[in-house]
Every structure is written in C-alpha cells, then in structure tokens.
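# Architecture and fold: a report
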Amino acid sequence: MIVTNFFQGLRNSLFGKTPTQRRETRTAWLFLAPNLLGFMLFTVFAVGMAFWLSFQEWDLFNQSNPVGLANYIRLFTGDPDFMRALYNTVYFVIGVVPVGAVLSLILALLVNQKIKGVSLFRTALYVPVVTPTIAVGLIWVWLYNSDFGLINSFLSQLGFSQTPNWLTSSTWSKPAIVLTNIWQNAGYYMVIYLAALQNIPDQLYEAAKIDGATRWQQFSRITLPLLSPTTFLVFVMKTMGAFKIFEAAYIMTEGGPGGSTETIVYYIYKNGFEWFRMGYAAAIAWVLFAIIFLCTLFQFKIQKTWVYYE
Amino acid sequence: MKGSLLLKMRQAGWFDLLVFFLAFSLILVALGITGYIQYNIQMNNMDEGLTKYEIKEALGFFALSRENFLTIGLIAVAVTLLGFALLAISRATERQVSQQAKENMHHMRVVLQYVVAGMITLIMLFPIYWMVISSLKTSTELLLPVPTLWPRLFQWANFPNVLKRAPFIRYLFNTLVTTFFIMVGQIIIGVLAAYGFSKGSFKGKNVLFLLVLGALMIPIQVTFVPIYVMVSRLGWVNSFPGLIVPNLVSAYFIFMLRQSFMSVDDSYLDAGRVDGLNRIGLIVHVLIPMCAPTMITISIITFITGWNSYFWPKMVATKDEFRTIAVGVTRLRQTFAGMETANYNEIMAGAVMAIIPIVILFLILQKYIMAGMSKASMK
C-alpha cells in the first residue's frame, strides 16, 4: 500500500496528475526522444568518457591504463610543446579578436549606408564566410608564397628589397594566419554589427544634429555606446572561435615552422591521431575547455564596466 | 564665423569624405611616384643586357599602370582640393544653399559612397578573384616574377587535369550525400525536439532544455576522441553512417527553431486541433509553414556547415570512396608532394570546384541567410 502510494506520488509529480497530463508528458518525451538519444550518446556519454580518458593512458588499440593525474601534471610541468601551443593560441586570440571586431564594424558601417544596391555589397562581403576554410587556406598559401605570391610581389613593387617569407618564417607565420582568419570571418561579424546598427533609432542622430554634434561625436557618443552589447557578443564569439583555430594552421603551415603556429587544438590532434596518446589528448582538451570557459566568464564579469544597457 | 563654417561642413559629412578622398589620392600619388622611380631604375638595367621588352615583361601589369596611378592620383588630389574650395565658397557666399546645390551635393556624396564601398569590397574579394584566375593560368605564367592580373592564356585544361588526378566527382557526390542526410536528419530531429520544448508541457522541460543548450558550450575537441572511438567500434570508419550520424543532433538548430515555434501563438494550434489535426499534422500544416523563413535559414546554414566541415570527415574518411570535397582538396595537394608550387594552378582549380557549389547556393539563397543571421544575433 505504501509502496503503491509512493509510486503513484512519484508518477503524479513527474508525469502529472490526470491521465490527460500524463499522455501529454508521454508525447512530449516521445518527440524529444531522438534528440535526447543523440544528446546522451554524443554529448553526455562522450563528455563522461573524455573525462575518464583524461586519467588514462591509451593508444586506441591496447588495454588502457589508469594513470591518475599524471596527464595533467605532465601537461603543466613537463611539456614545453604544450606551453608553446598555449602561447601561440593566446597570440592568435589577441591578434584576431580586437582587429577583427574593428574591421567588421567598419564594414558594417559601410554597408549600412542608405544607397541603392547596398545589399550587393553585403552579399559580396559575406562570400568569404561561406568559403570552406580549406580553400581559404590554400588561397592564402598562394598569396603568401615568398617567391611567386601576390603579396610579396606587390611589396617589392613598392620598393621593399627585403620581403618577409611569411609562412616559412617563424616571425611572420603567426601574423599571416591571423590576417587570414580575420579576412575569412569579417563578413560574419559584419552582419551581426549591421543588425545592431539598424536597430539604433534615427531620431537619436536627428536630435544630435540639431544640437550641433559632428559626425564623429555622433559616432562616439551614440553609435558606439549603443553597439556595446553587440561588441560584447562579438568579442565573446570571436574569442571562443580563435581559441579553436586549427584548420588554417593545419593547411597553411602544418603548425610550422618550428612549431610557431601549432595551436592547442592542433596539439590535441597530433597527440590523439598522430601519436595515439588518447588519454593525453583528452586531458589537453579539458584544459582547453577550462581556459575557454574561464575566459568567457571573465568577459561576462567585466562587461558591466564597459557595456551600455538601456 | 569661420568656426561655424567648418562646423557646418563637418556636420554635412562632406569634410570627412573629402579628407578620406584626399588621403586615398595621396596614396595613389605615392604609389605612382615609387613606381615611376622603380621603372626608371629598371630601365637603367638595360645596360645589364635586358631588353626593354623583357623589363616591361618583368614588371608586368604594375609597371604600366603605375604611371597611371600617378596621373590618376594627381587628378584626384586636384579634384579633392577643388571640392574643398567649392565647399568653402558655396558655404561662404550663400548662407542658404539653394535646393539645386543641395541636390548636387547629395548626388556627389552618393557617388563617393559607392566608390568607397566598391573599393573595400573589391579588396575583400580579391583573394577569391586571385584563386579563380590562378586556376586558369599556365604553369609558366603562374611562376612569373611579377604576377599577371589577368591570364594571358586561359588554360581550361587545369580542371580536367584535376579530375584525372583525384576523383573529384566522387568527392562531390560524397559531400552532397553526407551533407544532405545531415540536413534532413537535423530538420526531422530538430523539428520534433523544438515542438516538444516549445509546445509540450511536462515537468523539468526548461531544465532539460538548458542541459541541451549546454552542449553548445562544449567544444568538439573534448568529445571527438570518444565519438571517434564509438564510431570505430561500430565499424563505421570509412562509411556514410560514420560521416553522418554523429552530426545529426544540433543544439543550435533546436535552439533557433524553438525560439521560432514559441513565437507562434497557441490559438493557431487550437484552431488546427478543432480542424482535427493531430500533433504531426499541427507541425506539418501549422508550425512549419508559419516558421518557414527560419526553417530555410537554419537548413541552409546547416548545409553550408556540413559542406565546409573538415575535421570530422578527415578522421572518418580515409579512403577516396568516402572522402568529402574538403578532404579531397587536401588529398589533391598531397599528390603534388614537392612539386606544389609549379602546379598550384591545378590546386586552385580543385579549390574552385570545392567552392563553386556552395557559393552558388549561397548567392541564390543569400536573402534568407543574411536575414536569419541578423535575427539570430538579436536574441
């Protein structure tokens, strides 16, 4: 009797009191089932297994060995390659995020002008975004080619006798990849900025004009503050993206020269699928996740100081 | 008085535009001057046995056009200064600018807007242009010390040559199949889940939804090793299920669609029920038609993402039979090991083939993507 009551209570609280409610709940779960199945397998289970793996030593073929915290300890104390990858990744984040955001804002201002056919420019500027990163990488490999590339040829035409070797120089390889990444993503963030720009009411500018504000004042006192929530969004998204740069580095430099463009994700890939250190790869992936998470958290914490909300 | 004149000019926006134009024309002049000097230096090299023709050849397009840069730049500077002068005169002499003059100014400003927007767009698109023309050059032309901006000889054979080197048609087919099934799968699963999350009522709905959204936070790099292990245990390495199944569930798709479904008022659903529609009927006949733009947008975005994805297909597809186009292009590159530079025209031809379908699709449906993107960012 008590048992029946308990189960009835459980049923009532979980699935509803009346048969109609229960049927409703059942159908809802039925509709969610395919998604939840995938979610359980490819997210919950995979995350759990990745966590377990990060405490193992495993080469994908033989039996795995538990090694405790050894993977993490090695990562932070005995792996200069990881530190280099971390440095490179941070370099990319710092290089890509602010410059990319400014460029996207400029493009958005450009295509926010009230001229006929402006959507043509918008579409054109979005084309790099839909271009596969692989193709983008190959295009820029050719542009950066130190002997026959357009960029160096242009520079030497301008009178520079010494031109950088771009992708084969450890000084220039990072800026080269930063530029490529900014170019590819500029259109994406341009559209985000554009939507925000179009949300700013015209009356504000009218009022400012009457008060005698110059265009620069209108931009710095109206546009920028009202855009700051968007800038925040762009910064968060760009940071997350820049931490995961892999394909461009893989195609353009294979992490070289001398590991100067090896990012964390690239290092995960190498550990997992070139050296078959699955446990170590999983540990690095968790550290990367933690870094991204902390970075995002930090950005959310400091947003109060500079983001303007109406 | 002088101050207020300047202020008026700045307010009109003319001042900024003219300053920009002046800066641009000064750059043109600088380009022209350096080009002119270098051209003369090169001409002096004639003593070293190079003929005039060879020098011009070596300088290519730039040599010819840079003298033009100088001329264009000087004209532009003159025009800009004239603009400043006109502006000052018109403001100073006529307090009230006549309607006609205002209109003229407006027209000129529009022209300038077009010029600036056009130039920046051209610069941004230049790498794409460069890929296309490089794919049509001969190897000899490709390796000129000064590249030609327009192929002298169109070598269309680069494309058939690529097809001979790597099974590109097969790659395209694989990509199409994979991407299509990922898209269809995401739509079916996504529509069902979005319906459950938006219109279903049960306890813990919101908590569950937040959990599913949490999946967006987790980078694929954390989960791909376990997913790869699962796929390989299932024997799905080098198979279509291996390429498709792990990509079927997308938290992004569900999130966007749920937002859209929520905006449909329940009264429409009630009306549908009165007409005797069951739940599937409600989805097919009420929700999907009412949310068609969002559906189309996220489907296209899914398609583009699928087409361009590289990381996962590279892991799973190691045989030509299952390689997708993105993986195939890098495979093509490997076939030139060591001889890459001389054959870059064919690599570019491969890249063109990988890009063309997706760019055409984008151009046809760009309206939906642009609208959807801005809508998504507003949430």
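Heads up: the structure comes first, above all this text.
Before going into details, it helps to say that this report is about the structure given with it. Since we're looking at a predicted model, the values are computed, not measured. (Residues numbered from 1 in each chain as written. Chains lettered and ligands numbered in written order. Predicted model: local features only at pLDDT ≥ 70, side-chain atom pairs only at ≥ 80, totals over all residues. Heavy atoms only, no water.)

### A word on the pattern of salt bridges
Note the cut-off: Put simply, a salt bridge is a Lys or Arg side-chain nitrogen that is within 4 Å of an Asp or Glu carboxyl oxygen. Where helices and strands are cited, they refer to DSSP runs of H or I of at least four residues and of E of at least two residues respectively, numbered from the N terminus. We call a residue buried when its accessible area falls under 20% of the maximum for its residue type, exposed when it is over 50%, and partly exposed in between, using a 1.4 Å probe and counting protein chains only.
A full pass over the atoms with the stated rule returns eight salt bridges over all chains. The shortest N-O distance in the salt bridge between Arg84(A) and Asp81(A) comes to 3.8 Å. In this pair, Arg84(A) and Asp81(A) both sit in helix 4 (residues 80-110), three residues apart, roughly one turn of the helix. Classification of Asp81(A) by relative accessible area gives partly exposed; the value is 29%. Here Arg333(B) ties to Glu340(B) by a salt bridge, and the two come within 3.3 Å at their closest N and O atoms.

### Brief notes about the interface of chain B and chain A
We apply this condition: Every residue pair with non-hydrogen atoms within 4.5 Å of one another is taken to be in contact. Buried area, as used here, totals the accessible surface that two parts lose on assembly, with accessibility defined by a 1.4 Å probe and the loss added over both. In protein, a polar contact requires one atom able to donate a hydrogen and another able to accept it; more generally it is a pair of N or O atoms within 3.5 Å, and residues adjacent in sequence count only if both atoms are side-chain atoms.
In this complex, chain B contributes 97 residues to the contact, which on the side of chain A involves 89 residues. Taken over both partners, the interface formed by chain B and chain A buries close to 8,700 Å², and the fraction arising from carbon and sulfur atoms is 77%. Along the contact surface separating chain B from chain A lie zero salt bridges. Applying the counting rule to chain B against chain A returns ten residue pairs in polar contact (both at pLDDT 80 or more).

### Digging into the packing of aromatic side chains
Which entries qualify depends on this criterion: Here is the rule: rings of Phe, Tyr and Trp (six-membered ring for Trp) pair when centre to centre is within 6.5 Å. Planes less than 30 degrees apart are stacked, more than 60 are edge-to-face, and the remainder are tilted. Comment: the charge-over-ring label is applied if NZ (Lys) or CZ (Arg) is within 6 Å of the ring centre and within 35 degrees of the ring normal.
In the structure shown here, the tally under the stated rule is 45 aromatic pairs over all chains. Look at Phe31(A) and Tyr195(B): their rings are 5.0 Å apart centre to centre, the planes differ by 45°, and that puts the pair in the tilted class. One end of the pair, Phe31(A), is in helix 2 (residues 19-53); the other, Tyr195(B), is in helix 7 (residues 168-199), on a second chain. Aromatic side chains Tyr266(A) and Tyr269(A) sit 6.3 Å apart centroid to centroid with 85° between the ring planes, which places their arrangement in the edge-to-face category. Linking Tyr266(A) with Tyr269(A), this pair stays in helix 12 (residues 264-274), spanning three residues, or about one helical turn. Residues Tyr266(A) and Tyr269(A) agree in their burial class; the two are buried. Through successive ring pairs, a cluster of aromatic residues spans Phe246(A), Tyr250(A), Tyr266(A), Tyr269(A), Phe273(A), Phe224(B), Tyr228(B), Tyr310(B) and Phe311(B). Lying over the aromatic face of Phe209(B), Arg258(B) brings its terminal NZ or CZ to 3.9 Å of the ring centre.

### Some thoughts on the packing of helix 6 (residues 133-144) of chain A against helix 8 (residues 173-198) of chain A
Residue and element names in this part refer to chain A. For clarity, the cut-off: Lines fitted to C-alpha atoms define the axes here, with helix axes fitted over just the stretch in contact, and angles between the N-to-C directions of these axes take values from 0 to 180 degrees. To sort the angles, those under 35 degrees are grouped as roughly parallel, those over 145 as roughly antiparallel, those from 65 to 115 as roughly perpendicular, and the leftovers as oblique. Crossing handedness: left-handed means the near helix sits turned counterclockwise from the far one by under a right angle, and right-handed means the same turn made clockwise. Polar here means any residue outside two lists: the nonpolar Ala, Val, Leu, Ile, Met, Phe, Trp, Tyr, Cys and Pro, and the charged Asp, Glu, Lys and Arg; Gly therefore counts as polar.
Viewed as axis vectors pointing N to C, helix 6 and helix 8 meet at an angle of 130°, and their least axial separation amounts to 11 Å. Overall, the two elements helix 6 and helix 8 adopt an arrangement that is oblique. Handedness of the crossing formed by helix 6 with helix 8: right-handed. Listed contacts from helix 8 to Thr133, Val136, Trp140 and Tyr144 of helix 6 are Ala176, Leu179, Thr180, Trp183 and Gln184. In the contact of helix 6 with helix 8, the residues fall into six nonpolar, three polar and no charged.

### Quick notes on unusual backbone geometry
Excluding glycine, most residues fall at negative phi; most peptide bonds, likewise, are trans. A positive phi angle is found at Glu254(A), which is not glycine, with a value near 50°. Inspection of the secondary structure puts Glu254(A) in the loop between helix 11 (247-252) and helix 12. Residues other than glycine seldom take positive phi values, yet Asn238(B) does so here, at roughly 60°. Following the sequence through the fold, Asn238(B) ends up in the loop between helix 9 (220-233) and helix 10 (240-244). Since its relative accessible area comes to 14%, Asn238(B) is described here as buried.

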